[in-house]
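Geometric and topological summary
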2 protein chains.
Amino acid sequence: MASLDEVCQKIGYHFKDSELLTMAMTHRSFSAVNNERVEFLGDSLLNMIIAEALYLRFPDVDEGDLSRIRALLVSGKTLATVAVEFELGRFLRLGAGEKNSGGQRRASTLADAVEALIGAIYLEAGFEVCRERVLAWFAPRLVSLNPDASHKDPKTRLQEFLQGRKQPLPDYQLVETAGADHQQTFIVSCSISLLKSSVSASGSSRRKAEQAAAEKVLLALKEIE
Amino acid sequence: MASLDEVCQKIGYHFKDSELLTMAMTHRSFSAVNNERVEFLGDSLLNMIIAEALYLRFPDVDEGDLSRIRALLVSGKTLATVAVEFELGRFLRLGAGEKNSGGQRRASTLADAVEALIGAIYLEAGFEVCRERVLAWFAPRLVSLNPDASHKDPKTRLQEFLQGRKQPLPDYQLVETAGADHQQTFIVSCSISLLKSSVSASGSSRRKAEQAAAEKVLLALKEIE
């Protein structure tokens, strides 16, 4: 394993407790004392810190879209790219079998290590320092976010997809409303010329059902493309 | 709506910004300015605060069990009972229809209001004050937790269930292992005398697959009981 000082350099936080850092860098295949528990803690911190950042950054975006943007930011894929930027693979302590099978390049192992580091920084330095670090790591990704562009809602994305292909716009139909007056479920179908059958989805409002149906259609289009 | 001072009394936190508290108590059926966004924030805080409390309280419990205990503590059901203790239903601002259909007693609405309060306290007073409040609200529930009793793992619960009914112990069989050497998926079946067919489940280790299978059997037993 490369020196732990190097990890600290890369992540911009200097651990006083080298055992804590070592634990965060230890995969379960290496030792019973590993990063799984501290990763559980780090995962919840990451979710919270990103939730707040998005809440403050996008005052007009509703909670459904906030949640969708967050899911992108804290996905295993994004975390693995953060880990690659820090070259965490070089510092991970893996069991022999895990090492031989390329565990230090495995996206899930790398993502877990990032979350473990977040948990470890919190345990040593507290919330404010941890948040400051996470926001610094995610700054380029947070800055480039635009909820009106890459994170448009599914209906908008579907419309633009069809317009780009000179196709007619989707047709949304209310199929059914079920449930008591003020706790209704709406079922909406969405038909487009590119798909033979229409796709239905439900939601707690007509708008939400339409968005869910559009999302399903987008998925179906991905499959046939 | 009853006076907001009363809410502050009940929850043990006095909001300086009464608009923030009002927003947290406002259901989407009442106004476009409602508690949905701040609930998104509060949800992530609650998850994090409980994750930390469990991490510190149970140093020997693995992340799977921590996650399971947390799911219980932050469930809609638990949050609704917290809301009932605070009598939040009396303070909620609901649209007319929602009010007439008993929205102030709806578990999901009550649970959302608790999460919204957590988010609002954080926004006004910061992390430490918010954590201190949440831990105070959950203290009785955290104290009564015993991961060796009510939160035993599924295999243990299934075994005890069967022993209590003088039934033979479950039979776990490894059905299949799939995937590359160090990223295997294990498929395990679990048979018990009370169910005609065996139940299968998968996991990243044999132990995890067995636990998942036991959990499925417990669910199936609940359905036939």
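Keep in mind it's a predicted model, so treat the numbers as computed, not measured.

About the criteria used
Residues numbered from 1 in each chain as written. Chains lettered and ligands numbered in written order. Predicted model: local features only at pLDDT ≥ 70, side-chain atom pairs only at ≥ 80, totals over all residues. Heavy atoms only, no water. Least-squares fit on C-alpha atoms with pLDDT ≥ 70 in both. Contact = heavy atoms within 4.5 Å. Pairing = 2+ DSSP bridges. Helix = DSSP H or I, 4+ residues; strand = E, 2+ residues; numbered from the N terminus. Axes fitted to C-alpha atoms, helices over the stretch in contact; angles between N-to-C directions. Salt bridge = Lys/Arg side-chain N within 4 Å of Asp/Glu carboxyl O. Buried < 20%, exposed > 50% of the residue type's maximum accessible area, 1.4 Å probe, protein only. Parallel < 35°, antiparallel > 145°, perpendicular 65-115°, else oblique. Nonpolar A, V, L, I, M, F, W, Y, C, P; charged D, E, K, R; others polar. Phe/Tyr/Trp six-rings, centres within 6.5 Å; stacked < 30°, edge-to-face > 60°. Lys NZ or Arg CZ within 6 Å of the ring centre and 35° of its normal. Polar contact = N/O pair within 3.5 Å; in protein donor to acceptor, adjacent residues only side chain to side chain. UniProt positions renumbered as here; feature names shortened; annotations may be inferred.

Attention shifts here to the relation of the copies chain A and chain B. The transform that puts chain A on chain B rotates by 180 degrees and translates by 0.0 Å along the axis, for an RMSD of 0.3 Å. The symmetry that links the two subunits is that of a two-fold axis. Looking at the interface residues of chain A, 100% of them are also at the interface in chain B, so both copies use one shared face.

Working definition: the strands of a sheet are paired by backbone hydrogen bonds and lie parallel or antiparallel to each other. All names here are of chain B. Here three strands make up an open sheet; going across it, the order is S1-S2-S3 and the pairing antiparallel. Where the open sheet ends on each side, the last strands, each with one partner, are strand S1 (171–178) and strand S3 (199–203). When the angles between neighbouring strand axes are averaged without regard to direction, this sheet yields 25 degrees. By the bridge criterion, five bridges tie strand S2 (residues 185–191) to S3 in an arrangement that is antiparallel. In the strand pairing of S3, Val188 is matched with Ala201.

Under the defined criterion, the tally for this structure stands at 28 salt bridges over all chains. Between A:Lys10 and A:Glu87 there is a salt bridge whose closest N-O contact spans 2.9 Å. One end of the pair, A:Lys10, is in helix H1 (residues 4–11); the other, A:Glu87, is in the loop between helix H5 (76–85) and helix H6 (96–100), and 77 residues separate them in sequence. A relative accessible area of 32% means that A:Lys10 is categorised as partly exposed. A:Glu87 sits in the partly exposed class, given a relative accessible area of 32%. As a salt-bridge pair, B:Arg206 and B:Glu210 come within 3.7 Å of each other at their nearest N and O atoms. Highlighted residues: B:Arg206 and B:Glu210, both in helix H10 (residues 206–224), separated by four residues, approximately one helical turn. Take B:Arg206: its relative accessible area is 41%, and that puts it in the partly exposed class. The exposure class of B:Glu210 is buried, given its relative accessible area of 11%.

It is worth spelling out the sheet that holds strand S2 (residues 185–191) of chain A at this point. Residue and element names in this part refer to chain A. The strand order across the open sheet formed by three strands is S1-S2-S3, and the pairing between neighbours is antiparallel. Edge strands, defined here as strands with exactly one partner in the open sheet, are strand S1 (171–178) and strand S3 (199–203). Going across the sheet, the axis of each strand differs from the next one's by a mean of 25 degrees, ignoring polarity.

This brings us to the packing of H5(A) against helix H7 (residues 107–125) of chain A. Residue and element names in this part refer to chain A. Two numbers describe how H5 lies on H7: the axes approach to 8 Å, and their chain directions differ by 75 degrees. Relative to H7, the element H5 is oriented roughly perpendicular. Residue-level contacts link Gly76, Leu79, Ala80, Val82, Ala83 and Val84 of H5 to Ala107, Leu110, Ala111, Val114 and Glu115 of H7. Grouping the amino acids of the contact of H5 with H7 by side-chain chemistry returns nine nonpolar, one polar and one charged.

Bringing the packing of aromatic side chains into the picture now. A complete count under the given rule lists seven aromatic pairs over all chains for this structure. Aromatic side chains A:Tyr13 and A:Phe15 sit 4.9 Å apart centroid to centroid with 90 degrees between the ring planes, which places their arrangement in the edge-to-face category. Pair check on accessibility: A:Tyr13 and A:Phe15 agree, each one buried. Seen from their ring centres, A:Phe127 and B:Tyr122 are 6.3 Å apart, and the 90 degrees between their planes marks the pair as edge-to-face. Here B:Tyr122 lies in helix H7 (residues 107–125) and A:Phe127 lies in helix H8 (residues 127–143), a pairing that spans two chains. With a relative accessible area of 5%, B:Tyr122 lands in the buried category. Above the plane of the ring of B:Tyr55 lies A:Arg37, whose end atom (NZ or CZ) is 4.4 Å from the centre. Positioned above the aromatic ring of A:Phe161, the side-chain terminus of A:Arg165 is 3.8 Å from the ring centre.

What follows covers the interface of chain A and chain B. The extent of an interface is frequently quoted as the accessible surface area lost upon association of the parts. Listed per partner, the contact involves 34 residues of chain A and 34 residues of chain B. At the junction of chain A and chain B, the tally comes to zero salt bridges. Run the count over chain A and chain B and you get ten residue pairs in polar contact (both at pLDDT 80 or more). Those elements giving two or more residues to the side of chain A that touches chain B turn out to be helix H3 (36–57), helix H4 (63–73), H6, H7 and H8 of chain A. Of the residues forming the side of chain A that touches chain B, the biggest block, 13 residues, is contributed by H3(A). When grouped by side-chain class, the residues that make up the side of chain A that touches chain B number 16 nonpolar, seven polar and eleven charged.

All names here are of chain A. When the UniProt feature table is mapped onto this chain numbering, "active site" (unreviewed entry) sits at Asp43 and Glu115. Across 73 residues of sequence, these annotated residues stay compact in space, with a maximum C-alpha separation of 5.3 Å. With respect to the helices and strands, the residue Asp43 is situated in helix H3. As for its placement among the helices and strands, Glu115 is situated in helix H7. Excluding residues within four positions of it along the chain, Glu115 makes contact with Val38, Glu39, Gly42, Asp43, Leu46 and Leu79.

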